[in-house]
Amino acid sequence: MSIEALTSDKEVISTNQVCNYEVALENAVSSIVKNVSKIGDRNPKIGKTNLKYAFCGPSDWVSGFWAGQLWLAYKITGEQSLRNSACLRKAYHQNLLEHPHWLDHDLGFQFSLTAVAQYKLLGDNDASEQALRAADALLSRFRRVGKYIVAWNETHELGLEKTQGRTIIDSLQNLALLFWASNETSNPTYRNAAIEHAETLMKHIVREDYSTFHTFNFNAMTQEPIKGETFQGYSDASCWSRGQAWAIHGFAQIFEHTGEHKFLELAKNLANYAIERLPDDGIPLWDFDLPSDEIPYRDSSAAAIMAAGMLLISSHCDNSMEESIYHKAGEKILNGLIQQCDLSQNPQAEGLLGEGASFVKGGLVNNMLPYGDYYYLEALMRMNGYTDFFWK
Ligand code: GLY
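Residues numbered from 1 in each chain as written. Predicted model: local features only at pLDDT ≥ 70, side-chain atom pairs only at ≥ 80, totals over all residues. Heavy atoms only, no water.

1. A short note on the site of the ligand
At step 1: Inspection of the region around the ligand gives Trp61, Asp170, Gln232, Trp240, Arg242 and Trp246 as its neighbouring residues.
At step 2: In the model, an oxygen atom of the ligand is placed 2.8 Å from a nitrogen or oxygen of the Gln232 side chain.
At step 3: Separating an oxygen atom of the ligand from a side-chain N or O atom of Trp246 is a distance of 2.9 Å.
At step 4: Look at the ligand: alone it shows 200 Å² of surface, and the protein chains cover 91% of it.
At step 5: Of the residues that constitute the shell around the ligand, the class distribution is 3 nonpolar, 1 polar and 2 charged. (Near = heavy atom within 4 Å. Polar contact = N/O pair within 3.5 Å; in protein donor to acceptor, adjacent residues only side chain to side chain. Areas by Shrake-Rupley, 256 points an atom, 1.4 Å probe, with all protein chains shown as cover. Nonpolar A, V, L, I, M, F, W, Y, C, P; charged D, E, K, R; others polar.)

Okay, here's the thing in C-alpha cells:
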C-alpha cells in the first residue's frame, strides 16, 4: 500500500487522544515492583477475571515474559529486588534445557528475556552458556533443505504427522536468540539459519495482500511447500491478529539484525495491513476476519505487540512522513491500551493489561497475559525514548 493511502486515512489517525506516556510507564513499573513478592519465583502464565495469575508448569512458552518485565523495570529503576527476582528464573530454565523433548521453537521467547538479558545486564557467564545451549537446540530444529525451523514436537496435540513439517509465524520472535549466538561465538551458522528461515516465512507464510497465515506446512520428507493453515486463528484463510503482530515486530527485528531493507519494507506492509483494519479504539479483535456473528473478543496482547512493532518500524524510517505514520499508529494503539485495558493502578491486579485473547477456540478469552504485559512495557519504553531491548 502507498504512503499516500495511509496518510489520507485521517479519520483513523485523528481519533487519537494523547495520553501521558511517562505516567503510564511509571504506573506499569510500580505495578511490577508491587507484584515482585506476590509472584516470587513463579512464572505467570495466564490470568482471569480475579486479576490473579496462574503459573507456568515446568515447560511453557510463556515462561520468560515476567522475567523480561523484571529486567526492563530493573534497567529503568536499578532496583535490586527486580534484579534478584529476575535471577531466580535461572533454575527453571536450566531444568527446561535438561528435558530436550520439552524444547521447541519457543526457545527464543524463553531464553532471550531470561538468560540473554541476565548476561547482557550482569555479564553472567553461566547465563550466557545457558543461552548458547538454547540457541544450539533451536538451531537443531532448522531443516536445511526446506530452510525453516520446525515449530512444534510430536507431543503437540496435532500429533507427529501434522507437526514435523510445520513452521509458525510466532517463530520470527525467536530468531533474536540465533542472531545473539552468532554475535557471541563469531559463528555465522546461527545467523544464516535465522535469515534463511525469515526468507522462507516471507515467501510462504505472508500472503500477497500482506496478511499472514498462522502456520505453514511443508512435506516433512521432501520439504516441498504444501499450504498455510491456522491453529489459533479463526480459519485457514483468516488473519489471526496476534500472528500479524508477531510478524510486524519480528520482521522489523530482522531488519535491525541484518540491515536488509527487504525485511523493513515487509514489516511496513504487514503494519499497513493492520493499520487499515484497526478499529477506532485501537484494539484489534482477536482475528482481523472475524465474522460479525461471532463474539467480538478483543486481544490486548496483539495490540501491545503491534504497538511495540510500529514504534520499532518508525525508529528505522528514513523519511519523516513514514516515521510519523508508524509512530502515530503505535500511539493510537497504545492510547487504546492505556485508556481501556490498563490495570496497573488496580492494587489487586497481578498483570498490566486485561482483555487478552490467549486461545479463543480453547475458551481462553478476557485474560491477563504476561506476553501482552511484556510488549506493553516495551512499547511504553519505546514511547519514552528507550531503544535497547534484549532482542538485539
Ligand atoms: N503460541 C503463541 C501465541 O499464542 O501467540
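2. Observations concerning the packing of aromatic side chains
Think of a pair of aromatic rings as described by two things: how far the centres are apart, and how the planes are tilted against each other in angle.
At step 1: Per the counting criterion, the structure on display carries 24 aromatic pairs.
At step 2: Geometrically, the ring pair formed by Phe65 and Tyr374 is tilted, given 6.3 Å between the ring centres and 50 degrees between the ring planes. In this pair, Phe65 sits in helix α4 (residues 65-77) while Tyr374 sits in helix α15 (residues 370-383), placing the two residues 309 residues apart along the sequence.
At step 3: Pairing Tyr273 with Phe288 gives two aromatic rings, centres 6.0 Å apart and planes at 85 degrees, and the pair type is edge-to-face. Of this pair, Tyr273 sits in helix α12 (residues 261-277) while Phe288 sits in the loop between α12 and α13 (300-315), and the two are 15 residues apart along the sequence. Per residue, the accessibility class of Tyr273 equals that of Phe288, and both read buried.
At step 4: The lysine or arginine in question, Arg207, covers the ring of Phe213, its NZ or CZ lying 4.1 Å from the ring centre. (Phe/Tyr/Trp six-rings, centres within 6.5 Å; stacked < 30°, edge-to-face > 60°. Helix = DSSP H or I, 4+ residues; strand = E, 2+ residues; numbered from the N terminus. Buried < 20%, exposed > 50% of the residue type's maximum accessible area, 1.4 Å probe, protein only. Lys NZ or Arg CZ within 6 Å of the ring centre and 35° of its normal.)

3. Focus on helix α14 (residues 320-340)
At step 1: With 21 residues, α14 extends 30 Å from end C-alpha to end C-alpha; this agrees with the ideal 30 Å at 1.5 Å per step.
At step 2: Sitting at the head of α14, Asn319 places a side-chain oxygen 3.0 Å from the backbone nitrogen of Met321. (Expected span 1.5 Å × (residues − 1).)

4. Describing the sheet that holds strand β5 (residues 166-168)
At step 1: Read from one edge of the open sheet, 3 strands run β5-β6-β7, paired in antiparallel fashion. On the outer flanks of this sheet lie β5 and β7 (225-229), each paired with one strand and no other. Put simply, the sheet's adjacent strands are angled 25 degrees from each other on average, direction ignored.
At step 2: By the bridge criterion, 4 bridges tie strand β6 (residues 215-218) to β7 in an arrangement that is antiparallel. Across the sheet, the residue bridging to Phe216 is Gly228, located in β7. (Pairing = 2+ DSSP bridges. Axes fitted to C-alpha atoms, helices over the stretch in contact; angles between N-to-C directions.)

5. Observations regarding helix α10 (residues 188-204)
At step 1: End to end, α10 covers 24 Å across 17 residues, agreeing with the expected 24 Å (1.5 Å per residue, within 8%).
At step 2: Tyr190, Ala193, Ala194, Ile195, His197, Ala198, Thr200, Leu201 and His204 are the residues of α10 that are buried.

6. Some details on the environment of Arg133
At step 1: Inspection of the secondary structure puts Arg133 in helix α8 (residues 125-139).
At step 2: Look at Arg133 and you get partly exposed, because its relative accessible area is 38%.
At step 3: Sequence-wise, Arg133 and Phe111 are 22 residues apart; in three dimensions their C-alpha atoms are separated by 9.8 Å.
At step 4: Here the side chain of Arg133 touches Leu97 through a polar contact of 3.3 Å, landing on its backbone oxygen.

7. Observations concerning the packing of α12 against α13
At step 1: Where α12 meets α13, the closest approach of the two axes is 10 Å, and the angle between their N-to-C directions is 135 degrees. Considered as vectors, α12 and α13 are oriented oblique to each other. Once α12 is placed against α13, the crossing between them reads as left-handed. Within the contact between the two elements, α12 uses Leu264, Ala267, Lys268, Ala271, Ala274 and Ile275 and α13 uses Met306, Met310 and Ile313. (Parallel < 35°, antiparallel > 145°, perpendicular 65-115°, else oblique. Left-handed = near helix turned anticlockwise from the far one by under 90°. Contact = heavy atoms within 4.5 Å.)

8. Remarks on the pairing of β6
At step 1: Across the two faces of β6 the burial is the same, with Thr215 and Asn217 and Phe216 and Phe218 all buried.
At step 2: Summarising the sheet, β5 and β6 pair through 3 bridges and their orientation is antiparallel. The residue bridging Thr167 from the neighbouring strand is Phe216, located in β6.

9. Thoughts on the confidence of the model for the chain
At step 1: Averaged over all residues, the pLDDT of the chain is 95; the fraction at 70 or higher stands at 96%.
At step 2: The model gives residues 1-15 a pLDDT under 50, and that stretch makes 20 contacts with residues more than four places away or in other chains. (pLDDT = per-residue confidence, 0-100.)

10. As for the side chain of Glu229
At step 1: With respect to the helices and strands, the residue Glu229 is situated in strand β7.
At step 2: When its relative accessible area of 17% is taken as the criterion, Glu229 is described as buried.
At step 3: At 2.9 Å, the side chain of Glu229 forms a polar contact with the side chain of Arg166.
At step 4: If sequence neighbours within four positions are ignored, Glu229 has contacts with Arg166, Phe213, His214, Thr215, Asn217 and Asp236.

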